[in-house]
Amino acid sequence: MYKTQAEALEFVQTFKSKVDNTNESREIVLCAPFTTLGAMSKNLHGSRIRLGAQNIHWEDAGAYTGEIAGPMLTEIGVNYVIIGHSERRQYFGETDETVNLRLLAAQKHGLIPILCVGESKSQRDAGETEKIIINQLKRDLVDVDQNNLVIAYEPIWAIGTGDTCESTEANRVIGLIREQLTNKNVPIQYGGSVKPNNIDEIMKQSEIDGALVGGASLDPADFASIVNYQ
């Protein structure tokens, strides 16, 4: 929940110039608040940067105050949508059942969902990481098309804490996630205190296909340096 429309457009202007020469094989997605999406879509038209939303409701319309529907997103050129982020699960009562409904709605409207999974500090300390993540995937992915999907492993204990999961451990867990999938080619990202000073090590790992960047994405120079990792 950052940036007004004016601030978002200022960010885009600075950021676009810093990724002009980025490797063409890298996909860049900005997942912004609902109020900025329309203005950003116009500003990003013709650029290589894709646009994502931070949530979607499972119905196309209805009495769901505060929610947003698929047609509202596709109309303004949104391509991706984050679903099941730990903050949605932790603060807003998101469950695996509602995550599944949102995933199906996103795919129904041609959006690519970015499914977030991950364990809390207490779950990790109790040795339940594997069980928690396997159960999340089992419930979240019911009837979901794995050919139109991105998954992000975001250990909750590493989000906004500055406490990054060791890259080798993130790689191990992401390998575990891949083992649960019928489509082994689903792009799987790591998210959790990703910064310019650790992105190179993260992206050297064999199972990690990308990064879901939080706080460090708010500064266009920092985010560009992450996108342009070596």
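Residues numbered from 1 in each chain as written. Predicted model: local features only at pLDDT ≥ 70, side-chain atom pairs only at ≥ 80, totals over all residues. Heavy atoms only, no water.

Per an unreviewed UniProt entry, the recorded name for the protein chain is Triosephosphate isomerase, and the organism is Gloeothece verrucosa. Looking at the protein chain in UniProt, the text filed under Catalytic activity (unreviewed entry) is "D-glyceraldehyde 3-phosphate = dihydroxyacetone phosphate". As its UniProt record puts it under Subcellular location (unreviewed entry), the protein chain is described as follows: "Cytoplasm". (UniProt positions renumbered as here; feature names shortened; annotations may be inferred.)

Novice: Which residues make up the UniProt feature "active site" (unreviewed entry) in the protein chain, and what values go with them?
Specialist: When the UniProt feature table is mapped onto this chain, "active site" (unreviewed entry) is found at His85 and Glu154. Across 70 residues, the annotated set stays spatially compact, with a maximum C-alpha separation of 8.3 Å. Mapped onto the secondary structure, His85 falls in the loop between β3 (80-83) and α4 (86-91). The residues contacting His85, other than those within four sequence positions of it, are Cys116 and Glu154. Looking at the secondary structure, you find Glu154 in the loop between β5 (150-153) and α8 (167-179). By relative accessible area, Glu154 is classed as buried at 3%. Among all residues touching Glu154, those that are not within four sequence positions of it are Gly84, His85, Ser86, Cys116, Val117, Gly118, Ile159, Gly191 and Leu212. A polar contact is formed between the side chain of Glu154 and the side chain of His85, at a distance of 3.2 Å. (Helix = DSSP H or I, 4+ residues; strand = E, 2+ residues; numbered from the N terminus. Contact = heavy atoms within 4.5 Å. Buried < 20%, exposed > 50% of the residue type's maximum accessible area, 1.4 Å probe, protein only. Polar contact = N/O pair within 3.5 Å; in protein donor to acceptor, adjacent residues only side chain to side chain.)

Novice: I'd love a proper account of the nonpolar core, names of residues and values included.
Specialist: Soluble globular proteins tend to pack their nonpolar side chains together in the buried interior. Ranked by size, the top nonpolar core spans 56 residues in total, and within it Phe15, Leu30, Leu115, Ile151, Ile177 and Tyr190 carry the most contacts. Ile82, Val150, Ala152 and Leu212 belong to the second-largest nonpolar core, a separate cluster that totals seven residues. (Core = buried A, V, L, I, M, F, W, Y, C linked by side-chain atoms within 4.5 Å.)

Novice: An account of the packing of helix α7 (residues 129-140) against α8 is requested, with residue identities and associated values reported.
Specialist: Helix-helix packing is described using two parameters, namely the angle between the two axes and the distance between the axes. For the pair α7 and α8, interaxial distance at closest approach is 10 Å and the crossing angle is 40 degrees. Viewed along their axes, α7 and α8 form a crossing whose handedness is right-handed. On the side of α7, the interface is formed by Thr129, Glu130, Ile133, Ile134 and Leu137, while α8 contributes Arg172, Val173, Leu176 and Ile177. Partitioned by chemical class, the residues of the contact of α7 with α8 number six nonpolar, one polar and two charged. (Axes fitted to C-alpha atoms, helices over the stretch in contact; angles between N-to-C directions. Left-handed = near helix turned anticlockwise from the far one by under 90°. Nonpolar A, V, L, I, M, F, W, Y, C, P; charged D, E, K, R; others polar.)

Novice: Can you break down the UniProt feature "binding site: substrate" (unreviewed entry) in the protein chain residue by residue, with the values?
Specialist: Feature annotation in UniProt places "binding site: substrate" (unreviewed entry) on Gly160, Ser193, Gly214 and Gly215, given in this structure's numbering. Examined against the element boundaries, Gly215 turns out to sit in the loop between β7 (210-211) and α10 (220-227).

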